Amino acid sequence: STSLYFVVNDTFYDKMLPKAHLPEGVYAGGMRTFMEKYPEVASRYYGKAAPTGKDGIVALNTMLAQDGFVVYVPEGVVVERPIQLVNIFRSDVDTMANRRILVIMEPRSEAKLLVCDHSIDDVKFLATQVVEIFAGEGAFFDYYDLEESSMSTTRFASVHVKQEAGSNVLVNGITLNNGLTRNNYYIELNGEQAEATLCGMSILDKEQQLDTYSHITHAVPHCTSNELFKNVLDDHAVGAFSGRILVKEDAQKTAAYQTNRNLCATREARMYSKPQLEIYADDVKCTHGATVGMMDNEAILYMRQRGLSLQQARSLQIEGFVDDIVLRCPLDAVREALVGAVAEKLEKM
């Protein structure tokens, strides 16, 4: 149900391409080939959303990246079939990879991209990943990031989004298996009537760690942003969330909402949350909040009295807690795959 592409470590794998053809003018493939085919477009966008002067990881990635993946959709073109990219880590020795993804959505274009991370071999992996998304006027774009790597994988990823007037961008990050992960999200609403939805969830156990940072900038009036992150932490897992919404002085009539909900399944799990609002306009609707709680023992007892085992009752409670993130995906096939991945993770816990 998707157009499937692969990146092995940090190199685009061109020996297995999807049989389904994309609409005329659409490019999905390796970054080196794209730069040779569209040098003017590449120079106009590459590195323009992710500044190297403010983030050392972005600077390192920009310096070392040898290849990457590009999605380019011309003006007015709608890509019905979702595009899927599978990042595969495989090596006989400890390995570092520097991945790069560039998405260019010209005015009134539409597309969806699902990125899945997997680690195959039992060695240490270190990944830096920089994603740049440009949404032109009236463009619609959905970006899903599913991390199912391993305990020996460390990932530093950043997503940079620039939106023009009337554009609509959804960013959804899901972490189910990892070692140590830092996810940075930067979204700039630079055109009126732009709308951004930023959400994510994680289910962590053992010694897994996830650190999430978000920064949404409302630079112009009449824009909307919705932000929701949920985390489930079991065993000795550690989570952190730091989110900031910046409303600039001229950004009147802004609507911005930020929420962080967390569930600690054990007393040893740790969650640190810091939601923030920075507002310089006086005609806005902005809210933020965070909660950290334990499992609902009364609900678990209620389910056990009706024949469910302790594991089934805990799993149902966790599934209900994260469902609103998983079910945000409008694609039936992708949503079913995410539901199955969450169920598999809960069985292993």
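Provided above is the structure to which this section pertains.
Residues numbered from 1 in each chain as written. Predicted model: local features only at pLDDT ≥ 70, side-chain atom pairs only at ≥ 80, totals over all residues. Heavy atoms only, no water.

(A) Summary view of the overall build of the chain. Of the regular secondary structure elements, the chain holds six helices and 19 strands. Relative to the compact-globule value of 20 Å for 349 residues, the chain shows a C-alpha radius of gyration of 20 Å, a close match. Each principal axis of the C-alpha atoms in the chain carries an extent, and together these give about 65 × 55 × 35 Å. For the chain, the accessible surface area stands at approximately 15,600 Å², while carbon and sulfur atoms represent 49% of it. Measuring between centres, the 34 positive side-chain charges of the chain sit 2 Å from its 47 negative side-chain charges. (Helix = DSSP H or I, 4+ residues; strand = E, 2+ residues; numbered from the N terminus. Rg over C-alpha atoms; globule rule 2.2 N^0.38 Å. Areas by Shrake-Rupley, 256 points an atom, 1.4 Å probe, with all protein chains shown as cover. Lys, Arg positive; Asp, Glu negative; His and termini not counted. Charge placed at Lys NZ, Arg CZ, Asp CG, Glu CD.)

(B) Region of the structure containing the sheet that holds strand S19 (residues 284-294). Strand order in this open sheet of 10 strands is S2-S1-S5-S7-S9-S11-S13-S15-S17-S19, and the pairing throughout is mixed. Strands with a single pairing partner mark the edges of an open sheet, and in this sheet they are strand S2 (11-13) and S19. Each neighbouring strand pair of the sheet contributes to a mean axis angle of 10°, computed without reference to strand direction. Examined bridge by bridge, strand S1 (residues 3-8) and S2 share three bridges and lie antiparallel to one another. Bridged to Val8 within S2 is Thr11. Along the sheet, helix H5 (residues 310-326) contacts strand S11 (168-177), strand S13 (195-204), strand S15 (224-233) and strand S17 (254-264); its crossing angle with S15, the most-contacted strand, is approximately 155°. Those strands touched by helix H6 (residues 332-348) are strand S7 (110-119), strand S9 (140-148), S11 and S13, and its axis lies near 25° from that of S11. (Pairing = 2+ DSSP bridges. Axes fitted to C-alpha atoms, helices over the stretch in contact; angles between N-to-C directions. Contact = heavy atoms within 4.5 Å.)

(C) Quick peek at the sheet that holds strand S16 (residues 238-247). Across the sheet, nine strands lie side by side as S3-S4-S6-S8-S10-S12-S14-S16-S18; this open sheet has mixed pairing. In this open sheet, the two strands that pair with only one neighbour each are strand S3 (27-30) and strand S18 (270-279). For this sheet, the mean inter-axis angle between neighbouring strands, taken without regard to orientation, is 5°. Bridge count between strand S6 (residues 95-105) and strand S8 (residues 125-135): 11 bridges; the pairing is parallel. Residue pairing for S8: Thr95 is matched across the bridge by Phe125. Against the sheet, helix H3 (residues 56-64) touches S6, S8 and strand S10 (153-163), its axis set at about 90° to S6.

(D) Region of interest: the side chain of Asn87. One can find Asn87 in strand S5 (residues 83-89). Here the side chain of Asn87 touches Asp117 through a polar contact of 2.9 Å, side chain to side chain. Leaving out residues up to four positions away in the same chain, Asn87 has contacts with Val7, Arg99, Val115, Cys116, Asp117, His118 and Gln129. (Polar contact = N/O pair within 3.5 Å; in protein donor to acceptor, adjacent residues only side chain to side chain.)

(E) Spatial organisation of H5. In this model H5 runs 23 Å from its N-terminal to its C-terminal C-alpha over 17 residues, within 8% of the 24 Å that 1.5 Å per residue would give. Bending of H5 peaks at approximately 35° at the position of Gly320. Taken residue by residue, H5 has Ala313, Ser315, Gln317, Ile318, Phe321, Val322, Ile325 and Val326 as its buried positions. (Expected span 1.5 Å × (residues − 1). Bend = angle between axes of the 7 residues up to and from the residue. Buried < 20%, exposed > 50% of the residue type's maximum accessible area, 1.4 Å probe, protein only.)

(F) Expanded view of the packing of helix H4 (residues 297-304) against H5. It is the contact of H4 with H5, at a shortest axis distance of 9 Å, that shows an interaxial angle of 130°. On the basis of the axis angle, H4 is oblique to H5. When the axes of H4 and H5 are compared, the crossing they make is right-handed. For the pair formed by H4 and H5, the contact residues are Ala299, Ile300, Met303 and Arg304 on the first element and Leu310, Ala313, Arg314, Leu316 and Gln317 on the second. The class makeup of the residues in the contact of H4 with H5 is six nonpolar, one polar and two charged. (Parallel < 35°, antiparallel > 145°, perpendicular 65-115°, else oblique. Left-handed = near helix turned anticlockwise from the far one by under 90°. Nonpolar A, V, L, I, M, F, W, Y, C, P; charged D, E, K, R; others polar.)

(G) Representation of H6 in the model. The end-to-end C-alpha distance of H6, which contains 17 residues, comes to 25 Å, matching closely the 24 Å that a straight helix rising 1.5 Å per residue would cover. All buried positions along H6 are accounted for by Val334, Leu338, Ala341, Val342, Lys345 and Leu346. Down the axis of H6, the smallest arc covering the buried residues is 135°, so these residues share one side. The outward face of H6, more than 90 degrees from its buried face, is lined by the exposed residues Glu336 and Glu347. (Arc of directions from axis to C-beta.)

(H) Inspection of the pairing of S15 at higher detail. Of all the 10 residues making up S15, eight are buried; the element is thus mostly covered by neighbouring parts of the structure. Here 10 bridges tie S13 to S15, and the two strands are oriented parallel to one another. Of the residues in S15, the one forming a bridge with Gly200 is Phe229. Sheet topology places S15 next to S17; 10 bridges connect them, and they run parallel. The partner of Phe229 across the bridge, within S17, is Asn260.

(I) Summary view of the nonpolar core. The biggest cluster of nonpolar side chains holds 47 residues, and the ones touching the most others in it are Phe69, Ile101, Leu113 and Tyr143. Core analysis: the second largest hydrophobic core is formed by 30 residues, Cys199, Ile300, Ala313 and Leu346 among them. (Core = buried A, V, L, I, M, F, W, Y, C linked by side-chain atoms within 4.5 Å.)

(J) Molecular detail of the packing of H5 against H6. Running from N to C, H5 and H6 point in directions that differ by 145°, and their axes come no closer than 10 Å. The chirality of how H5 crosses H6 is right-handed. Contacts from Gln311, Ser315, Ile318, Glu319, Val322 and Val326 of H5 reach H6 at Arg335, Leu338, Val339, Val342, Ala343, Leu346 and Glu347. A breakdown of the residues in the contact of H5 with H6 according to their chemical character gives eight nonpolar, two polar and three charged.

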